[in-house]
Amino acid sequence: MKKEIKICLPLYKIVYSVFFVAVLSLIRGVGSTFEIGVTLEPLMALLAAVFCADTYVQEIASKRSEVGQLYPMKNRLASILRRMAVQEAYLLVLAAAGYGLFLIVQKPILFYGTRYGEWSMFGGYLAAIVVTLIFWGMLSHTLSCLFRTMWAGIGGCLIVWILTNSTTGEQLFGKWNLFSYTFRTIEDSRDMDWLCGKLVCLVLCMVMAGMLPRIMRRRG
Amino acid sequence: MSIQIKDLTVTFKNGVTAIRHADLEIPKGIFGLLGENGAGKTTLMRVLTTVLSPTAGTVSLDGMLYQEGNYAKIRKKIGYLPQEIDLYPGLTVQECLEYMGDLSGIPKEVCRKRIAGYLEKTSLTEHRKKKMRQLSGGMKRRVGLVQALLNEPEFLIVDEPTTGLDPEERIRIRNLLADFSEKRTVLFSTHVVEDLVATCNQLAVMKKGEFLYAGSMRNLMDEAIGHVWMCEVPDDEQARKLERTYHVSSKQYTESGLRMKIICKEKPELTCTPCNVSLEDAYIYLMNRQG
């Protein structure tokens, strides 16, 4: 795992991701704590798409994939999954830290006003963001592998992001939207419909994971 | 271990045929693969490493056919060093090799022992804690060679391993390849003729996806005897005239003018003497004899 950390978390990635969240917390104003999760979710999705785009295609760009072709597929897949796990864990920590930064920098009004209410809202945010990060990381990685370039991953994700993180997307997909957490009815704390959108994300992730060996065999 | 290639053709999706109806047998020891840029050497190597599937024809390794069902077994027998490979820049030499050994499924302890052994042989032991990005081009190439040897392959494929290296480092790589060819088949692709002279007896010459020659180096050089001439011309103008008419393999300024080595089928119509044939001359003769 230590080697995977060194491979997929180089200094430049850490610097730009921390910078992204830090700048965001400075320039994006939030009035109330409920807005923090809503603000962070789509932007962390974008960050995950950029961050995970080169998980495997760095092997293609460096020609290591030509040697990698000789290795057993299960070992190659295991190494990719380890890399994804490392990146997702890092992004999750960053997403949690970003929430804290917004609290410190923006000093928003506490939406629920109680410690329990605020912590449960943070818990909900973490649950949603885990799925969001996994989905967008996986989508970007899959598209990159399919087209053998990280730009396809980033570009493809951007298109899906624009489509789903919009009023049109909200009207089109409703509670099944990928950003269902962002578009949820915030006033109703018992509204758990946003879980449907996250379920869609998880199902799509499983489909993409299932396709990966085939993509790698066909696209090197 | 021998490799047999029969009527091999590789055509890409864009319609370009990189290899056409090629037949070749690669025996044990170092086998050289020579050819101009774009001749099809790298494509052939990619087929031999199973990265690329042939459009037609067959390839077999010790009688085992290159086909989907056999790929797993074949891959275990192959070590490959591509022309350009950028090994994990953020990892140390030791970590990089351990990681690649792990990916290829070698048990950890066995892998560590092999790494230690090969780092010793390639004079890299003292650099094992250096990051890959800190190594010189030659050292990176040696690490690449070690990664190709980690699974103790019976068939080692190296694609232009000496390109861009200084003379000392080139000699080192060549000698290592000779050492490692003792009990295995090594396919050594290059366009540096001197590298082949120094390492192998058998070679194949490729041009535009076909084998112009396959056999011993001696025979190839014998074929050019009587077609290589040395002559002297007084000035540049005469030299340019000669260059327009014949293939000139070397040109040297002397006190009396220019000494030129000419390669042509018949004796040139000027004062010249037959001279010794080098592999380079034989290669030029072969490439141009075929038009």
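For the structure, see preceding data.
Scope of this entry: the structure provided in the associated data block.

1. Some details on the overall build of chain B
Broken down by element type, chain B carries 10 helices and 14 strands. Every one of the 291 residues in chain B was classed for burial, and the buried ones make up 41%. The contacts of chain B with a sequence gap of at least 6 include a subset with a gap of at least 24, amounting to 68%.

2. Comments concerning the sheet that holds strand β2 (residues 17–26) of chain B
Residue and element names in this part refer to chain B. Reading across from one edge, β2-β1-β4-β5 is the order of the 4 strands in this open sheet, with antiparallel pairing throughout. With partners counted over all chains shown, the strands left at the sheet margins are β2 and β5 (64–65), one partner each. By the bridge criterion, 5 bridges tie strand β1 (residues 3–11) to strand β4 (residues 56–61) in an arrangement that is antiparallel. Counterpart to Gln4 in the pairing with β4 is Ser60. Across the sheet, helix α1 (residues 41–48) is in contact with β1, β2 and β4; its angle to β1 comes to roughly 115 degrees.

3. A look at the interface of chain B and chain A
Taken residue by residue, the interface counts 20 residues in chain B and 18 residues in chain A. At the level of elements, β6 (78–81) and α3 (93–103) of chain B are the ones that each hand at least two residues to the side of chain B that touches chain A. Of the residues contributing to the side of chain B that touches chain A, the split by class is 10 nonpolar, 6 polar and 4 charged.

4. Some points on the sheet that holds strand β8 (residues 185–190) of chain B
Residues and elements named next belong to chain B. Across the sheet, 6 strands lie side by side as β6-β7-β8-β3-β9-β10; this open sheet has mixed pairing. Each having just a single partner strand, β6 and β10 (210–216) make up the two edges of the open sheet. Between one strand axis and the next, the sheet turns through 15 degrees on average, direction left out of account. Those strands touched by α1 are β3 (29–35), β7 (155–159), β8 and β9 (202–207), and its axis lies near 150 degrees from that of β7. Most of the contacts of helix α10 (residues 279–289) go to β9, to which it runs at about 40 degrees, and overall it touches β3, β9 and β10.

Rules used throughout
- Residues numbered from 1 in each chain as written.
- Chains lettered and ligands numbered in written order.
- Predicted model: local features only at pLDDT ≥ 70, side-chain atom pairs only at ≥ 80, totals over all residues.
- Helix = DSSP H or I, 4+ residues; strand = E, 2+ residues; numbered from the N terminus.
- Buried ≥ 20, exposed ≤ 12 C-beta atoms within 10 Å, placed from the backbone.
- Contact = placed C-beta atoms within 7 Å.
- Pairing = 2+ DSSP bridges.
- Axes fitted to C-alpha atoms, helices over the stretch in contact; angles between N-to-C directions.
- Nonpolar A, V, L, I, M, F, W, Y, C, P; charged D, E, K, R; others polar.

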